[in-house]
Every structure is written in structure tokens, then in C-alpha cells.
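The chain contents come next:
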Amino acid sequence: MQSQVDAAIEARLSAQIWRPESLSALRGYQPTPHSLAVASGAADLQQALGAIELARAADLAGDSDGCRRELRRANTMLRGS
């Protein structure tokens, strides 16, 4: 799911007009999927990333139902983009 969301973020960014580099980029900070989603203005992709984080937390807690629920939510957000 993470790679699918990452690909959607990259596709959204590549379709946008060029913008100047941010201060963080000029300072050498590497972008994260979340920072790229924010830069693209993609609220749906930001929500998908949040659902993936919750799925990981549920998985670590042994909550397989919660993990699957959050992955379905991430998938729904991704398909809506």
C-alpha cells in the first residue's frame, strides 16, 4: 500500500507546474512521502498516509482487524485520488 500511495504522490507532483525549491530543500533535507503529499496539496493522499501509519500501529499492537480496516481506508483514499 505504501508504494502505491508513493506512486500516486509522484504522479500528482509530476503533473503539476514547476515551483521553486522550499527552504527545507535548500537546506538539504530529504523529502518524505508526507512532505511531498503536503507540497502537492493532496489531502486525500495525506489521509491515505495517515491510515497507513495507523495500520502499522495496529499491526504492532497485534490488532489485525484494525490493521485491515486502516488499509482499506488507505485504499479508499488512494482510489479517490
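Shown above is the structure to which this text applies.
Residues numbered from 1 in each chain as written. Predicted model: local features only at pLDDT ≥ 70, side-chain atom pairs only at ≥ 80, totals over all residues. Heavy atoms only, no water.

Draft legend 1. Examining the nonpolar core more closely. Counting 12 residues, the largest nonpolar core is built from Val5, Ala8, Ile9, Ala37, Ala42, Leu45, Ala48, Leu49, Ala51, Ile52, Ala74 and Leu78. Of all elements in the fold, only α1 (2–14), α4 (43–60) and α5 (64–79) reach the threshold of two or more residues within this core. When residues of this core are assigned to their parent elements, the largest contribution, 5 residues, is made by α4. Among all residues touching Ala42, those that are not within four sequence positions of it are Arg12 and Ala37. (Core = buried A, V, L, I, M, F, W, Y, C linked by side-chain atoms within 4.5 Å. Buried < 20%, exposed > 50% of the residue type's maximum accessible area, 1.4 Å probe, protein only. Helix = DSSP H or I, 4+ residues; strand = E, 2+ residues; numbered from the N terminus. Contact = heavy atoms within 4.5 Å.)

Draft legend 2. The arrangement of α4 in detail. Under the 1.5 Å per step criterion, the end-to-end length of α4 is 26 Å for 18 residues, consistent within 8% with the ideal 26 Å. Restricting attention to buried positions, one finds in α4 the residues Asp44, Leu45, Ala48, Leu49, Ala51, Ile52, Ala55 and Ala58. The elements touched by buried residues of α4 are α1, α3 (33–40) and α5. Positive phi appears at Gly62, one or two residues downstream of α4, with a value of about 80°. (Expected span 1.5 Å × (residues − 1).)

Draft legend 3. View of the side chain of Glu70. Inspection of the secondary structure assignment puts Glu70 in helix α5. Taking the relative accessible area as the measure of exposure, Glu70 reaches 12% and is therefore buried. Here Glu70 is in contact with Ala51, Leu54 and Ala55, once residues within four sequence places are set aside.

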